[in-house]
Amino acid sequence: MTKRALITTAVLVVLVGLVVVGYHVMANREEAFCGFCNRPIHANSKVVAEIDGRRRTVCCARCAISEAYQEKKTVRLITVTDYISSKPLDPKQAYFVDGSRKILCDHDAAMLDETKHAYPLTFDRCSPGTYAFARREEATAFARENGGVVVQLNELMQGANAQ
Ligand SMILES: [Zn+2]
């Protein structure tokens, strides 16, 4: 191989590498950041929700419900995450702590509007906190410590889909 051919090959290898890495970054982005508020998704509050028939990975249940309220859309929780074990959980089997003081979604990572001004934090789409638990005792213990009430899916979604 000539020196020129070697350089060309090296450049090609780097370019292909960049494309592959870029593809993975884009594919993982949807998993790593909330489909609504763009905040990083926490492993123990991640929710997969279907809003108006479109499936998205969301930072927390409250964020998905806020979207439904604001946009007057129908929301359905597909998968939630057990706060304790970070394992996926069927929302129908879950106990939710609703209205908790504990907010995982970072207020410092405030959303920016079109003019790049941060929204006033009087309203936060991820507040009050709503988290899922596999076991009722764990939900009750969390609520005792962090505030909120333990509810099941139908109670949690009451109102969210009432338009
Ligand atoms: Zn969110």
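Structural notes, computed from the coordinates. From a predicted model like this one, the values you see are computed outputs, not experimental measurements.

1. A short note on the overall build of the protein
Logical step 1: Helix and strand counts for the protein come out as four helices and seven strands.
Logical step 2: Beginning at the N terminus, the succession of helices and strands in the protein can be written as α-β-β-α-β-β-β-β-α-β-α.
Logical step 3: Looking at the protein as a whole, 29% of its 163 residues qualify as buried.

2. Points about the sheet that holds strand 1 (residues 47–51)
Logical step 1: As summarised here, the arrangement of the four strands in space is 2-1-3-4, forming an open sheet in which the pairing is antiparallel. The strands lining the two open edges of the sheet, one partner per strand, are strand 2 (54–58) and strand 4 (88–89).
Logical step 2: Of the strand pairs in this sheet, strand 3 (residues 75–81) and strand 4 are connected by two bridges, and their pairing is antiparallel. In the strand pairing of strand 4, Val80 is matched with Leu89.
Logical step 3: Seen against the sheet, helix 2 (residues 61–71) touches strand 1, strand 2 and strand 3 and runs at an angle of roughly 175° to strand 3.

3. Side note on the sheet that holds strand 6 (residues 129–133)
Pairing between the strands of a sheet is mediated by backbone hydrogen bonds and can be parallel or antiparallel.
Logical step 1: Strands sit in the order 6-5-7 across an open sheet of three strands; the sheet is antiparallel. Here the strands that pair on one side only, and so sit at the sheet edges, are strand 6 and strand 7 (149–151). Across the sheet, the axes of successive neighbouring strands diverge by a mean angle of 25°, strand direction being ignored.
Logical step 2: Sheet topology places strand 5 (residues 95–100) next to strand 7; three bridges connect them, and they run antiparallel. Residue pairing across strands places Val97 opposite Val150, the latter belonging to strand 7.
Logical step 3: Relative to strand 5, helix 3 (residues 136–146) is tilted by about 10°, and along the sheet it contacts strand 5, strand 6 and strand 7.

4. Topic: the nonpolar core
Logical step 1: Judged by nonpolar contacts, the single largest core of 32 residues is most densely connected at Val58, Cys59, Ala61, Cys63, Ala64 and Phe133.
Logical step 2: Among the secondary structure elements, those contributing two or more residues to this core are strand 1, helix 2, strand 3, strand 5, strand 6, helix 3 and helix 4 (153–157).
Logical step 3: Sort the elements by how many residues they give to this core and helix 2 lands first, with five residues.

How each quantity is defined
Residues numbered from 1 in each chain as written. Predicted model: local features only at pLDDT ≥ 70, side-chain atom pairs only at ≥ 80, totals over all residues. Helix = DSSP H or I, 4+ residues; strand = E, 2+ residues; numbered from the N terminus. Buried ≥ 20, exposed ≤ 12 C-beta atoms within 10 Å, placed from the backbone. Pairing = 2+ DSSP bridges. Contact = placed C-beta atoms within 7 Å. Axes fitted to C-alpha atoms, helices over the stretch in contact; angles between N-to-C directions. Core = buried A, V, L, I, M, F, W, Y, C linked by C-beta atoms within 7 Å.

Shape is all these values report; function is a separate question.
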